[in-house]
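# Topology and contacts: notes
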Amino acid sequence: MPVETKSFTISTQGDCDILDITPHVSRELSKAELSSGTATVFVAGSTCAVTTIEYESGVLSDLKDAFERMAPEAMHYAHNARWGDGNGHSHVRASVLGPSLTVPFSESGPLLGTWQQIVLVDFDNRPRTRRVIVQIIGE
């Protein structure tokens, strides 16, 4: 089965910055020579993650609050003690959510629900430029 690998970069603010990357993924799918199959969306970095959500301010706030409850920034992290960079919570949060997502596509577009968007969540404690890989498998 044919495979195409594409990528794009996106700037983030860190501190649980949630960005709608659906238009970026859709653009990469539209440029592919494949019209249907699956696309794996993967962010390269250990303090960032990818998921789907309704990109609406209330649920975005709820998601940020949930991560603060699960892995509070202010608690002790062995990573911080070892490296002194203060982003131990970022690594834990990103590993819980995960760096990739598989999305089916047809007619060169993602098959998402009405209120479903693909989002990148940057948990790091500083702004970053993130590389997102879209690996497309199909026909």
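Summarised in this report is the structure supplied together with it. Since this is a predicted model, take the numbers as computed values, not measurements. Here the residue numbers are simple positions, counted from 1 along each chain's written sequence. With the structure being a predicted model, the display of local features is reserved for residues of pLDDT at least 70 and the display and counting of side-chain atom pairs for 80 or more, all residues being used for whole-chain, interface and lining totals. With hydrogens and water excluded, all non-hydrogen atoms of the structure serve as input to the side-chain values.

### Quick word on a negative patch on the surface
We count it as follows: Exposure above 30% relative accessible area and the absence of a salt bridge qualify a residue for a patch, where like charges join within 9 Å and nonpolar side chains (Val, Leu, Ile, Met, Phe, Trp, Tyr) within 5 Å. Calculation of accessible area relied on Shrake-Rupley with a 1.4 Å probe; when residues are assessed, cover is drawn exclusively from the protein chains displayed. The rule for a salt bridge is simple: a side-chain nitrogen of Lys or Arg has to be within 4 Å of a carboxyl oxygen of Asp or Glu. For the charge count, each Lys or Arg is scored as positive and each Asp or Glu as negative, with His and the chain ends excluded. To locate a charge, take NZ of a lysine, CZ of an arginine, CG of an aspartate or CD of a glutamate. Helix numbering and strand numbering both begin at the N terminus, where a helix is a DSSP run of H or I of at least 4 residues and a strand a DSSP run of E of at least 2.
Negative charge collects at one region of the surface, where Glu54, Glu56, Asp62 and Asp65 lie side by side. Following the sequence through the fold, Glu56 ends up in the loop between strand E4 (48-53) and helix H2 (57-70).

### Comments concerning the pattern of salt bridges
Stated precisely, the cut-off is as follows: Whether a residue is buried, partly exposed or exposed follows from its accessible area with a 1.4 Å probe, protein chains only, as a fraction of its type maximum: under 20%, in between, or over 50%, in that order.
Throughout the structure, instances matching the rule amount to six salt bridges. Salt-bridge contacts for Arg130 lead to Asp122; the nearest nitrogen and oxygen are separated by 2.9 Å. No difference in accessibility class separates Arg130 from Asp122, as the two residues are buried. Notably, a salt bridge pairs Arg128 with Asp124, separated by 2.7 Å at the nearest N-O pair. Relative accessible area serves as the criterion here: at 26%, Arg128 is assigned to the partly exposed category.

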